[in-house]
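Remarks on the overall topology
Single-letter residue listing:
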Amino acid sequence: MATLGGASFAWPIAARAQQSRKQNRVAFVHSGIPAEQLTESAGPFWVRRFYETLRKLGDREGDNLVVERYSAEGRTDHLTALAGTIVSRKPDVIVTNLHALVIAFTQATSEIPIVAIAGTSIWGGLGRSLARPGGNLTGVSINAGNEITGKRLEILKETIPSLTKVAYLASARGAWEDDAGSSARQAGSRLGVAVSGIFPAEFNEIQIRHTFDAMTQQQFEAVLIDEGGGFLAQRVLIVESADKHRVPICYPYRDYVDLGGLMAYAPDLGELAQRLADNVHQILNGAKPGDIPIYQPTRFQLVINLKAAKTLGVTITQSISARADEVIE
């Protein structure tokens, strides 16, 4: 672990190769997942699919590709320093997530291609169109517009008709104040549900446990979680905490449900990872990131875990089950 300006970061774990062919350097940077888990063998599903797709496209780590892995480890107050350090190493492509981290990289460089997996608001916020993003940034969107947040609240309300008070667990205050948070508040007003923003100071075990204790004390009846990668990095702890505190959550990714979470209204992260890898492949072969359209998912799946529902005391009605794309027994 190295220290920069008082902040601890997980520094790169680089693959090494002896082949004489040209090697491209990719910096894989995540806001929360530890650097050692950003691999094809140890990473979450979408990370594994990313590497798998690169291999199928002919970009193999240890052959023509060197991957340098970094993690901000949930420390959102030091993203600028981390971005500056990575840019100074001059990788051929930077792959990253999280709105604030993408902003940090775009401020640190206008030359190194950046391929991001982030919410819809990041693209418009940087003055780019989905069809022709321009500049040095492209990537994939994890939602199809901020109204998806409101849709998740609607699903919770239909599942629990008595619902009146919901916490919106946001990765940063900005995530609550932007269009996604506004969508949750508007949906809440329409449905008769008071929605309040909750912002953990960091994405570590202590802060996550403290946040769930606080939500229980404030008597929130259910929770929405935003799509931030820091929460996904703590998915096991979050699902365990929801179970412990008996709080129903509608998650943004099915990874949580596979671990025992109640339900998710989610895009196919595997598909997004494939497109992310294809973007990297195109850039390594000469394409300009600004010419590569930003992909936006068109299909979302409702996945429900019946075992979790029983544990939480939530009744899954026939109408909700009928709407689900998948019901996990």
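Residues numbered from 1 in each chain as written. Predicted model: local features only at pLDDT ≥ 70, side-chain atom pairs only at ≥ 80, totals over all residues. Heavy atoms only, no water.

Here we look at the overall build of the protein
Regarding its fold elements, the protein presents 14 helices and 14 strands. For the protein, buried positions account for 55% of its 329 residues. Restricting to contacts in the protein with at least 6 residues of sequence separation, those with at least 24 account for 68%. Of the roughly 13800 Å² of accessible surface on the protein, a fraction of 47% belongs to carbon and sulfur atoms. (Helix = DSSP H or I, 4+ residues; strand = E, 2+ residues; numbered from the N terminus. Buried < 20%, exposed > 50% of the residue type's maximum accessible area, 1.4 Å probe, protein only. Contact = heavy atoms within 4.5 Å. Areas by Shrake-Rupley, 256 points an atom, 1.4 Å probe, with all protein chains shown as cover.)

Points about the nonpolar core
Counting 52 residues, the largest nonpolar core has Trp46 and Phe50 as its most contacted members. The element best represented in this core is helix 12 (residues 269–284), accounting for 8 residues. With sequence-adjacent residues up to four places away left out, Trp46 is seen in contact with Phe28, His30, Ile33, Ile117, Leu232, Leu269, Ala273 and Leu276. Among the nonpolar cores identified, the runner-up in size contains 30 residues, and Ile148, Ile160, Leu163 and Ala184 belong to it. (Core = buried A, V, L, I, M, F, W, Y, C linked by side-chain atoms within 4.5 Å.)

Points about the packing of helix 1 (residues 45–57) against helix 12
Orientation of helix 1 relative to helix 12, taken along the N-to-C sense of each, is 40°, at an axis distance of 8 Å. In terms of their interaxial angle, helix 1 and helix 12 are classed as oblique. Between helix 1 and helix 12 lies a crossing of right-handed hand. From helix 1, Phe45, Trp46, Arg49, Phe50, Thr53, Leu54 and Leu57 reach across to helix 12, where they touch Leu269, Gly270, Ala273, Gln274, Leu276, Ala277, Asp278, Val280 and His281. Residue classes in the contact of helix 1 with helix 12 are distributed as 10 nonpolar, 4 polar and 2 charged. (Axes fitted to C-alpha atoms, helices over the stretch in contact; angles between N-to-C directions. Parallel < 35°, antiparallel > 145°, perpendicular 65-115°, else oblique. Left-handed = near helix turned anticlockwise from the far one by under 90°. Nonpolar A, V, L, I, M, F, W, Y, C, P; charged D, E, K, R; others polar.)

A look at the sheet that holds strand 5 (residues 93–97)
Spatially, 4-3-5-6-7 is the arrangement adopted by the 5 strands of the open sheet, whose pairing is parallel. Each end of this open sheet is capped by a strand with a single partner; those strands are strand 4 (65–71) and strand 7 (137–141). Pairs of neighbouring strands in the sheet enclose a mean axial angle of 20°, with direction left out of account. With 4 bridges joining them, strand 5 and strand 6 (residues 114–118) adopt parallel strand pairing. Of the residues in strand 6, the one forming a bridge with Val95 is Val115. Against the sheet, helix 3 (residues 99–108) touches strand 3 (24–30), strand 5, strand 6 and strand 7, its axis set at about 150° to strand 5. (Pairing = 2+ DSSP bridges.)

Some points on the packing of helix 2 (residues 79–88) against helix 3
Two numbers describe how helix 2 lies on helix 3: the axes approach to 9 Å, and their chain directions differ by 50°. Classified by the interaxial angle, the pair formed by helix 2 and helix 3 is oblique. As for how helix 2 packs across helix 3, the hand of that crossing is right-handed. Where helix 2 approaches helix 3, its residues Leu79, Thr80, Ala83, Ile86 and Val87 are matched on the opposing element by Ala100, Leu101, Ala104, Phe105 and Ala108.

Notes on the sheet that holds strand 11 (residues 249–251)
Backbone hydrogen bonds hold the strands of a sheet together, and the pairing may be parallel or antiparallel. The 7 strands are arranged 9-8-10-11-12-13-14 in an open sheet whose pairing can be described as mixed. Looking along the sheet, the strands with just one partner apiece sit at the ends: strand 9 (194–198) and strand 14 (326–328). In this sheet, adjacent strand axes meet at a mean angle of 20° when their direction is disregarded. Where strand 13 (residues 301–305) and strand 14 come together, 3 bridges link them in parallel fashion. From the neighbouring strand, Val303 faces strand 14, where its bridge partner is Glu326. Each of strand 8 (165–169), strand 9, strand 10 (222–225) and strand 11 touches helix 8 (residues 205–217); the most contacted strand, strand 8, lies at about 165° to it. The strands touched by helix 10 (residues 235–245) within the sheet are strand 10 and strand 11, with strand 11 carrying the most contacts at an inclination of about 160°.

What about the pairing of strand 12 (residues 263–266)?
Burial along strand 12 is two-sided: Met263 and Tyr265 facing one way and Ala264 and Ala266 facing the other are all buried. In this sheet, strand 12 lies alongside strand 11 in parallel orientation, the contact comprising 2 bridges. Following the sheet pairing, Cys250 is matched in strand 12 by Met263. Pairing of strand 12 with strand 13, which is carried by 4 bridges, proceeds in the antiparallel orientation. Directly across from Met263, in strand 13, lies its bridge partner Ile304.

Points about unusual backbone geometry
In this structure, Leu98 takes a positive phi of about 70° despite not being glycine. In this fold, Leu98 is placed in the loop between strand 5 and helix 3. When its relative accessible area of 12% is taken as the criterion, Leu98 is described as buried. Despite not being glycine, Arg246 has its phi angle at roughly 55°, a positive value.

Considerations on the environment of Glu177
Summarising the element assignment, Glu177 is placed in helix 6 (residues 173–177). C-alpha separation for the pair Glu177 and Gly197, spaced 20 residues apart in sequence, amounts to 8.8 Å.

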